[in-house]
Amino acid sequence: VDFPTHRGVLSAASLLLKAKIDDAVRNASEGSSNEASEEVSTPDMPKVTLDVTGSILGPLLKLCYPGETGMPPDTRCIIEAAVAAERLAINSAIRRNIADCWDATARTEPLRAFLLATHAGNTDCAKVAAKYALEGMLEGVYLPEMEHAPPLPYHKLLMHYRSCCRIAKSILSNVSEDISNANVWEGH
């Protein structure tokens, strides 16, 4: 997929993209000076190839423009954009924008977000999703993403969830006993 973009915007968004664009401009101008054909050269419209799918690259490039915020509300798209932004060394302001989108989607689908983040190898996003996953039910839940996610992080999350449940039950039991004891003394 071709995405027409502004060289200056992408250069400001990432030094890595700036270097790729500069190389493409240099290669295009060298190629046009070496060829004696009548083809129209476009040294000021270089093409840079990136190893990112079009459905992810489009929203990611859009975020590079000032004033643009948000991503499609798709958990998989957001985590893939976060991974691509890291790989392309996109600046921290844009990555923070993606992190904000991630936080919002991780709140709505925490377990799915956790599984996708661990599958993508993004531990920061996985930690955010794990925090929200502890607020809901994990026991007996099945999601298709479990088939592709690494089992160890999920196992650790499940063990932590069970530990939190035991602690919460213990605290509630102590509070319940305190309330019962207080009612007994008030009745006499």
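The structure we're discussing is the one just above.
Within any chain, residue numbers begin from 1 and follow the written order of that chain's sequence. Note on the predicted model: pLDDT of at least 70 is required for a residue's local features to be given, and 80 or more for side-chain atom pairs to be given and counted; whole-chain, interface and lining totals, by contrast, use all residues. Note: side-chain values were computed over all heavy atoms of the structure, leaving out hydrogens and water.

A.B. asks: Could you clarify how one ought to interpret the packing of helix α6 (residues 110–120) against helix α7 (residues 123–133) in this entry?
C.D. replies: A packed helix pair is summarised by two numbers, namely the angle formed by the two axes and the spacing between the axes. Every angle, taken between N-to-C directions, lies between 0 and 180 degrees, and every axis is a line fitted to C-alpha atoms, over only the stretch in contact when it is a helix. By the criteria applied, helices consist of DSSP H or I runs no shorter than four residues and strands consist of E runs no shorter than two, each listed in order from the N terminus. Across the interface, α6 lies against α7 with an axial gap of 8 Å and an inter-helix angle of 155 degrees. Here α6 is positioned roughly antiparallel relative to α7, judged by the angle of their axes. In this structure, the crossing between α6 and α7 has a hand that is left-handed. Here Pro110, Leu111, Ala113, Phe114, Ala117 and Thr118 of α6 come into contact with α7, specifically with Cys125, Ala126, Ala129, Ala130, Tyr132 and Ala133. Broken down by class, the residue content of the contact of α6 with α7 amounts to 11 nonpolar, one polar and no charged. Small angles under 35 degrees read as roughly parallel and large ones over 145 as roughly antiparallel, with 65 to 115 read as roughly perpendicular and the rest as oblique. Note on convention: the crossing is left-handed when the near helix lies turned anticlockwise from the far helix by less than a right angle, right-handed when the turn is clockwise. The contact criterion used is simple: two residues touch if any of their non-hydrogen atoms lie within 4.5 Å. Amino acid classes used here: Ala, Val, Leu, Ile, Met, Phe, Trp, Tyr, Cys and Pro are nonpolar; Asp, Glu, Lys and Arg are charged; the rest, including Gly, are polar.

A.B. asks: Any chance you could explain helix α3 (residues 54–63) here in plain terms?
C.D. replies: Buried residues are those whose accessible area, probed at 1.4 Å on protein chains only, stays under 20% of the maximum for their type, while exposed residues exceed 50% and partly exposed ones sit between those limits. In terms of residue burial, α3 counts as a mostly covered element, since seven of its 10 residues are buried. Where α3 is concerned, the buried positions are Ile56, Leu57, Gly58, Pro59, Leu60, Leu61 and Leu63. Among the structural elements, α1 (7–13), α4 (75–87) and α5 (92–108) are those in contact with the buried residues of α3.

A.B. asks: How should I be thinking about the pattern of salt bridges in this particular structure?
C.D. replies: The term salt bridge refers to a side-chain nitrogen of Lys or Arg lying within 4 Å of a carboxyl oxygen of Asp or Glu. Under the defined criterion, the tally for this structure stands at 10 salt bridges. With its nearest N and O atoms 3.6 Å apart, the salt bridge here joins Arg112 to Glu109. Judged by relative accessible area, which is 32%, Glu109 ranks as partly exposed. It is possible to trace a salt-bridge network through shared partners that takes in Arg76, Glu109, Arg112 and Glu145.

A.B. asks: Explain a nonpolar patch on the surface here, please?
C.D. replies: Residues form patches when they are more than 30% accessible in relative terms and have no salt bridge. Like charges link within 9 Å. Nonpolar side chains (Val, Leu, Ile, Met, Phe, Trp, Tyr) link within 5 Å. What sets the accessible areas is the Shrake-Rupley method with a 1.4 Å probe; for residues, cover comes only from the shown protein chains. Residues Ile167, Ile171, Val175 and Ile179 make up a contiguous nonpolar surface patch of roughly 360 Å² in combined accessible area. By the secondary structure assignment, Ile167 is in helix α8 (residues 151–187).

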